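Residue-level structural notes
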Amino acid sequence: MALYKENYSKIITQGELLEIQTVLQEIQHEISPLFGQGKVADYIPALASANPQDFAMSVTCNDGTCHSIGVHTQKFSIQSISKVYGYTLALKHYKSALYKRVGREPSGDPFNSLVQLEYEAGIPRNPFINAGAIVVADSLVSHYKAKALSHILSFIQESADNDNIFVDRTVADSEMEHRFRNMALASLMKSFDNLDNDVTEVLETYFSQCSVTMSTDELSRSMLYLANNGTDPITKKTFITPAQAKRINALMLTCGHYDASGDFAFRVGLPGKSGVGGGIVAVVPGKMSIAVYSPALNEQGNSLLGTKALELFTTKTGLSIF
Ligand code: GLU
């Protein structure tokens, strides 16, 4: 398999020349019988109103070429996908010191589980479960003080090369109103001395970053730095080192889908991160980034059609890392 060099619209796989746009059309057609399966997140009203029939998929290649299908300009709540941006910023500032506060092992537990955190003395397994992302948010509050959220948002805008990306305050307020489990996680970590700032301030930062809205076009564009060793291949801005990009991709592969991370790696074979808003991003190192959106979720809280669409993409194109 290789990307056809003169034109990033084409892939050569098993001697066959495939157009990415045609592949996306086939995928949209093949997943259509699955509409109606899965369940839209309903723990807050702002997410429950998403249309389960919506589907979008965008592929942005490292040369900036973008191929999309479905409602690819429609913004939705990125939720846990934001954990990738938060971790990138924290890793940039704290480097390996961050590993003392948050680990790098799959949890095998649901995203908001309290049990493991108790018997592992308040050190979350990885930055992509809620407890881990809350510690990361705490580290950013320590570093940026009251400006933490604006720095996270600026980083997202910079990585997407797009200033038109914002926090949906209705979603953020609703998350705060239904904060109790995340507050329990944060409080438990505070009791173990793994949270330096005020619980409410940290949660506000965490919920606000989760409430950023983006389209699949914007998401796939913003993840190119992870497909290019930490440097945006278009703007040439370096966000993190190649070694840090490698680590984030490794964590996305092993921990990006909560207790379904192994299954996602097995089916799709790419680093990826999902959010309960129905989005998933995936990275093909050296080549492209892919984003999908479909709000109906499987039992582990990952987009059901989105996972299937990515599985079909890597099967058809051979563009997995294995
Ligand atoms: N804001 C959500 C929560 O903390 C994020 C969940 C997710 O996308 O996994 O519960």
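Overview of the structure. Model, not experiment: these values are computed from the prediction.

Close to the ligand lie Y43, Q79, S80, F111, N130, E175, N182, Y206, C210, Y258, G275 and V276. N182 places a polar side-chain atom, nitrogen or oxygen, 3.1 Å from an oxygen atom of the ligand. Side-chain polar atom of Y206 to an oxygen atom of the ligand: 2.8 Å apart, as the coordinates give it. When the free accessible area of the ligand is taken as 300 Å², the share hidden by the protein chains comes to 97%. Here the ligand is seated within the largest pocket.

Moving on to the sheet that holds strand β6 (residues 66–70). In spatial order, the strands read β6-β5-β12-β11-β10; together these 5 strands make up an open sheet with antiparallel pairing. The outermost strands of the open sheet, each flanked by one partner alone, are β6 and β10 (272–274). Averaged over neighbouring strand pairs, the angle between their axes works out to 10 degrees when direction is ignored. Its contacts with the sheet put helix α14 (residues 304–317) on β5 (56–61), β11 (279–284) and β12 (288–293), and the angle it makes with β12 is roughly 145 degrees.

Taking 1.5 Å per residue, 12 residues should reach 16 Å; helix α1 (residues 20–31) reaches 17 Å between its end C-alpha atoms and fits that length. Residues of α1 that are buried: I20, V23, L24, I27 and I31. Viewed along the axis of α1, the buried residues span an arc of 100 degrees, placing them on a single side of the element. Buried-residue contacts for α1 involve β2 (10–13), β3 (16–19), β5, β6, β12 and α14.

Procedures and definitions
- Residues numbered from 1 in each chain as written.
- Predicted model: local features only at pLDDT ≥ 70, side-chain atom pairs only at ≥ 80, totals over all residues.
- Heavy atoms only, no water.
- Near = heavy atom within 4 Å.
- Polar contact = N/O pair within 3.5 Å; in protein donor to acceptor, adjacent residues only side chain to side chain.
- Areas by Shrake-Rupley, 256 points an atom, 1.4 Å probe, with all protein chains shown as cover.
- 1 Å grid on protein atoms, 1.4 Å probe; cavity = no way out; pocket = protein on both sides within 12 Å on 5 of 7 lines; lining within 4 Å.
- Sits in = over half its atoms within 2 Å of the grid points.
- Pairing = 2+ DSSP bridges.
- Helix = DSSP H or I, 4+ residues; strand = E, 2+ residues; numbered from the N terminus.
- Axes fitted to C-alpha atoms, helices over the stretch in contact; angles between N-to-C directions.
- Contact = heavy atoms within 4.5 Å.
- Expected span 1.5 Å × (residues − 1).
- Buried < 20%, exposed > 50% of the residue type's maximum accessible area, 1.4 Å probe, protein only.
- Arc of directions from axis to C-beta.

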